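As a plain string of letters, each chain reads:
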Amino acid sequence: MAQAGGGPLASKVALITGASRRIGRATALGLAGEGADLLLNARSARDEVEGVAEEVRALGRRATVIMGDVTDEAQVKRMVEEAMAAFGRIDILVNNAAIRRQSPFVDMSYAEWREIIGVILDGAFLMCRTVLPVMVAGGGGTIVNIGGVSAHIGARNRAHVSTAKAGLVGLTKALAVEFADRNVTVNCVAPGKIGGERSKTSGESAKMSAEIVLGREGRIEEAAGMIVALCLPHARFMTGQTVHVSGGLYMP
């Protein structure tokens, strides 16, 4: 399909990690609907992420798949080089890559701890550090880190996930301050219980320490909708914030 014109994100390019399914996929389609072209990353699910790319193209936007591991510094560098070769700019970065295993804390191996921290927190660090120079060179941009409610209320058997997601809150604030004068906004979206089919690494739905006020799990599109909103021009005065999409499960 020929490239469509218009939309508030027309001429913008967004890179999404963990873009093969659920919130990553829905965010890609949401940003495409607002006019952005997409760089879609996945570590191993090539068929799934290629399918998302086809969905983006069906909306009239360009899409390129960039396979790679966000925990590998050399691969991240190569991914960003491929992104620049494809589209010449990166205006939006969504750090969505994550794995969410479950294990009682005293049984948790250090390797498992490092695996979770590596994908969620180290991956966001490597992506931000590599993307920010090209983003700044292009006149600024938007970073959205995908946190989680467990970082704020805790979750049984998920100390590694809660810790990694809490780290994203600190990273968000630090980068928001450091890059404000270079026209980069940095925010975090913290979804609560989101329904739909979960990945193999997600485990069972976490038992949270409070009730969802709205009385239901969230929809994938509701979480993605907030991510997209933070990338739109009307959100340029918002930075360093963590926005909770949890149906009232957590109220700061």
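Heads up: these notes are all about the structure in this document.

Cut-off values and rules
Residues numbered from 1 in each chain as written. Predicted model: local features only at pLDDT ≥ 70, side-chain atom pairs only at ≥ 80, totals over all residues. Heavy atoms only, no water. Axes fitted to C-alpha atoms, helices over the stretch in contact; angles between N-to-C directions. Helix = DSSP H or I, 4+ residues; strand = E, 2+ residues; numbered from the N terminus. Parallel < 35°, antiparallel > 145°, perpendicular 65-115°, else oblique. Left-handed = near helix turned anticlockwise from the far one by under 90°. Contact = heavy atoms within 4.5 Å. Nonpolar A, V, L, I, M, F, W, Y, C, P; charged D, E, K, R; others polar. Buried < 20%, exposed > 50% of the residue type's maximum accessible area, 1.4 Å probe, protein only. Pairing = 2+ DSSP bridges. Right-handed = clockwise from strand over helix to strand, strands pointing away. Expected span 1.5 Å × (residues − 1). Arc of directions from axis to C-beta. Core = buried A, V, L, I, M, F, W, Y, C linked by side-chain atoms within 4.5 Å. 1 Å grid on protein atoms, 1.4 Å probe; cavity = no way out; pocket = protein on both sides within 12 Å on 5 of 7 lines; lining within 4 Å. Points joined across faces, edges and corners; volume = space filled by probe spheres on them. Salt bridge = Lys/Arg side-chain N within 4 Å of Asp/Glu carboxyl O.

## Describing the packing of helix 1 (residues 22-33) against helix 2 (residues 46-58)
Next, step 1: Orientation of helix 1 relative to helix 2, taken along the N-to-C sense of each, is 20°, at an axis distance of 9 Å. With respect to helix 2, the element helix 1 is oriented roughly parallel. Two packed elements cross with a definite hand, and for helix 1 against helix 2 that hand is right-handed. Residues Arg25, Ala28, Leu29 and Ala32 of helix 1 form the contact with helix 2, whose own contacting residues are Val52, Glu55 and Val56.
Next, step 2: Residue composition of the contact of helix 1 with helix 2, grouped by class: five nonpolar, no polar and two charged.

## A word on the pairing of strand 4 (residues 92-95)
Next, step 1: Side chains Ile92 and Val94 of strand 4 all project onto a buried face; the interleaved residues Leu93 and Asn95 project onto the opposite face, where all are buried too.
Next, step 2: Across three bridges, strand 1 (residues 13-16) lies against strand 4 in parallel orientation. Note that in strand 4 the partner of Leu15 across the bridge is Leu93.
Next, step 3: The sheet contact formed by strand 4 and strand 5 (residues 141-146) spans four bridges and is parallel. For Leu93, the partnering residue across the bridge sits in strand 5 and is Ile143.
Next, step 4: Handedness of the crossover joining strand 4 and strand 5 through helix 4 (residues 110-137) is recorded here as right-handed.

## Here's the deal with helix 2
Next, step 1: The end-to-end C-alpha distance of helix 2 is 18 Å, a good match for the 18 Å that 13 residues give at a rise of 1.5 Å each.
Next, step 2: Residues of helix 2 that are buried include every one of Val49, Val52, Ala53 and Val56, and no others. For helix 2, the angular spread of the buried residues around the axis is 100°, confining them to a single face.
Next, step 3: Elements that come into contact with the buried residues of helix 2 comprise helix 1, strand 2 (37-42) and strand 3 (63-67).
Next, step 4: Following helix 2 by one or two positions, Gly60 adopts a phi angle in the positive range, close to 90°.

## Digging into the environment of Ser109
Next, step 1: Topologically, Ser109 is positioned in the loop between strand 4 and helix 4.
Next, step 2: Under the relative-accessibility criterion, Ser109 is labelled partly exposed at 34%.
Next, step 3: A C-alpha to C-alpha distance of 38 Å links Ser109 and Asp91, two positions 18 residues apart in sequence.

## Considering the nonpolar core
Next, step 1: Within the largest apolar cluster, 37 residues are counted, with the highest numbers of intra-cluster contacts made by Leu31, Leu38 and Leu40.
Next, step 2: Looking at this core element by element, the count peaks at seven residues for helix 7 (residues 220-231).
Next, step 3: Val80, Ile117, Ile120 and Val161 belong to the second largest nonpolar core, which has 35 residues in total.

## Brief notes about the layout of surface pockets
Next, step 1: In this structure, the second largest pocket spans a volume of roughly 170 Å³.
Next, step 2: Looking at the second largest pocket, it is lined by 16 residues, and the ones nearest its centre are Lys12, Gly141, Thr142, Cys231 and Arg236.
Next, step 3: For the lining of the second largest pocket, the class distribution of residues is six nonpolar, six polar and four charged.

## With respect to the pattern of salt bridges
Next, step 1: A full pass over the atoms with the stated rule returns 15 salt bridges.
Next, step 2: Among the ionic pairs, Arg25 bridges to Glu55, the shortest N-O distance being 2.7 Å. Here Glu55 lies in helix 2 and Arg25 lies in helix 1, a separation of 30 residues in the sequence.
Next, step 3: Relative accessible area serves as the criterion here: at 29%, Glu55 is assigned to the partly exposed category.
Next, step 4: We note a salt bridge from Asp122 to Arg114, for which the minimum N-O separation is 2.6 Å.
Next, step 5: For Arg114, a relative accessible area of 32% gives the class partly exposed.
Next, step 6: If you follow the salt bridges from partner to partner, you end up with Asp37, Arg61 and Arg62 in one network.

## Topic: empty space enclosed by the protein
Next, step 1: Applying the stated rule across the entire model yields one cavity of 30 Å³ or more.
Next, step 2: In this structure, the largest cavity spans a volume of roughly 60 Å³.
Next, step 3: Together, 14 residues line the largest cavity, and Asn95, Asn96, Ala97, Val119 and Ile120 are the ones closest to its centre.
Next, step 4: If you list the elements that add at least two residues to the lining of the largest cavity, you get helix 4 and helix 6 (159-178).
Next, step 5: Ranked by residue count, the leading element in the lining of the largest cavity is helix 4, at five residues.
Next, step 6: Within the lining of the largest cavity, the residues separate by chemical class into nine nonpolar, four polar and one charged.

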